[in-house]
Amino acid sequence: AGAPARAQEPVKSPTLDAVKKRGELICGIDTGIPGYAYQDSSGEWQGLDVAYCRAIADAILGSPKKVKFIGTTSKVRFSVLKSGEIDVLIRDSEHSFIRNTQLGLDEPAVNFFTGQTFMVKKSLGVSHLKEMDGATVCLLTGTTLETNIADYNRANNVKIKTLLFDRPEEAFAAADSGRCDGYTDDGGSVAAARSTMKKPADWIFLPETIGGLEPLGSFTRQGDEAWTRLVKWVHFSMLEAEVLGITRANADQMAKNPTNPDVRRFFGVEGDFGKLLGVDNGWSGRIVKDIGNYGEVYEATFGTKGLGLPRGMNNLYDHGGLQTLPTWH
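The shown structure was predicted, so the numbers you read here are calculated from the model rather than taken from an experiment. (Residues numbered from 1 in each chain as written. Predicted model: local features only at pLDDT ≥ 70, side-chain atom pairs only at ≥ 80, totals over all residues. Heavy atoms only, no water.)

Chemist: Could you give an account of the pattern of salt bridges, naming the residues involved and the relevant values?
Modeler: Two side chains bearing opposite charge may form a pair once their charged atoms approach each other closely. Across all of its chains, the model carries 15 salt bridges by this definition. In this structure, the salt-bridge partner of Asp30 is Arg91, at a minimum N-O distance of 3.5 Å. Here Asp30 is found in strand 1 (residues 25-30), whereas its partner Arg91 is found in strand 5 (residues 88-94), with 61 residues between them in sequence. Using a relative accessible area of 0% as the deciding quantity, one classes Asp30 as buried. Across the pair Glu270 and Arg265 runs a salt bridge whose closest N-O atoms are separated by 3.9 Å. Exposure remark for Glu270: the relative accessible area of 30% places this residue in the partly exposed category. With a relative accessible area of 15%, Arg265 lands in the buried category. Salt bridges linked by common partners bring Asp262, Arg264, Arg265 and Glu270 together as one network. (Salt bridge = Lys/Arg side-chain N within 4 Å of Asp/Glu carboxyl O. Helix = DSSP H or I, 4+ residues; strand = E, 2+ residues; numbered from the N terminus. Buried < 20%, exposed > 50% of the residue type's maximum accessible area, 1.4 Å probe, protein only.)

Chemist: Any chance you could break down the environment of Val11 for me, citing the residues and the numbers?
Modeler: Turning to its location among the elements, Val11 is positioned in the segment before helix 1 (14-22). Taking C-alpha positions, Val11 is 53 Å from Lys159, a pair spaced 148 residues apart along the chain. The residues contacting Val11, other than those within four sequence positions of it, are Leu16, Ala226, Lys275, Leu276, Leu277 and Gly278. (Contact = heavy atoms within 4.5 Å.)

Chemist: How would you sum up the state of the cysteines? Please name residues and give values.
Modeler: Inspection of the entire model under this criterion finds two disulfides. Through a disulfide, Cys27 is tied to Cys53; the S-S separation comes to 2.0 Å. Around the S-S axis, the bridge from Cys27 to Cys53 shows a dihedral of about -70 degrees and counts as left-handed. Here Cys27, found in strand 1, pairs with Cys53, found in helix 2 (residues 48-61); they are 26 residues apart in sequence, far enough to count as distant. Of the two residues, Cys27 and Cys53, both sit in the buried class. Between the sulfur atoms of Cys138 and its disulfide partner Cys180 the distance amounts to 1.6 Å. Here Cys138, found in strand 8 (residues 136-140), pairs with Cys180, found in the loop between helix 6 (168-176) and strand 10 (182-186); they are 42 residues apart in sequence, far enough to count as distant. Across the pair, Cys180 and Cys138 agree in class, each one buried. Sequence-ordered numbering of the bonded cysteines in the protein chain gives a disulfide pattern of 1-2, 3-4. (Disulfide = S-S within 2.5 Å.)

Chemist: Any chance you could break down helix 13 (residues 294-301) for me, citing the residues and the numbers?
Modeler: Side chains that are three or four residues apart share a direction in an α-helix, a result of its 3.6 residues per turn. Among all positions of helix 13, only Tyr294, Gly295, Val297, Tyr298 and Thr301 are buried. Down the axis of helix 13, the smallest arc covering the buried residues is 165 degrees, so these residues share one side. The inward-facing, buried residues of helix 13 abut helix 2, strand 7 (110-121) and helix 8 (225-244). One side-chain oxygen of the residue at the start of helix 13 lies 3.0 Å from the amide nitrogen of Gly295, identifying that residue as Asn293. (Arc of directions from axis to C-beta. Polar contact = N/O pair within 3.5 Å; in protein donor to acceptor, adjacent residues only side chain to side chain.)

Chemist: Residue-level account of the side chain of Asn153, with values.
Modeler: Secondary-structure assignment places Asn153 in helix 5 (residues 145-156). Once residues within four sequence positions are removed from consideration, Asn153 is found in contact with Val158, Lys159 and Ile160.

In structure tokens, the structure reads:
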């Protein structure tokens, strides 16, 4: 006979316990950039990163509204997380070796793949990055952007100058007023910047990206593995919903007496998957009903209903993209 089945140990997570006790998730986001996180005309936070914050709150507390959003600058975002002022950071921030090791942060999930992109004024008359020698580019301080430009300058024997800002809105305004010839950030942020210009059609994207692939996503404090696991699987649940064809519109219908084993597990009919994460078994079904699957969230923020940025690298793996997920059993 095999060994007797072990009883499932209760999930131990100081962060999860604190969120449940508080009745609210404290989520670190951007101070305001279309696509990722911004306040609409009624003061409601919107964006891809915002949707992830809401999804985590929904999984734990049963409501996507039980979130307190804290806008963080690129300079202080990691120290605010390390000090415990926020539970999770989801702020268009790149996963990197140094942040994982030297800063001692975990990097649970990539919600947006991109690369450092440049937009320039059409009137500048350039169509490639190498032609930017002597030009000035606006960008945010405290990021990897400046290092990438310095490396590019050195490798190509050019001098692209930089003008640094703490906040995206300051950098956007400087670019629009002509203080710089171009603007650089990850592709999603550059699409956001272009949407805020007085005349977006006066700006073009250069075809080159530099600095390699930029995987952007969530950050958690090290030492709380159960919390990191939960943040990671909230992301995977949104991808799984898309793979299974579950949307906000059809979720209620698909939850009725499902026969597909994957759909049964997704809606908590079998498997006790929620309990393994320290939440109830309805967590993933609730996320897709309230917020949508990954594709729906992308379309609403960056895609056809948002900034018009093609899905590209952020497609599912079987549609030529980089978004992949483990199996659900």
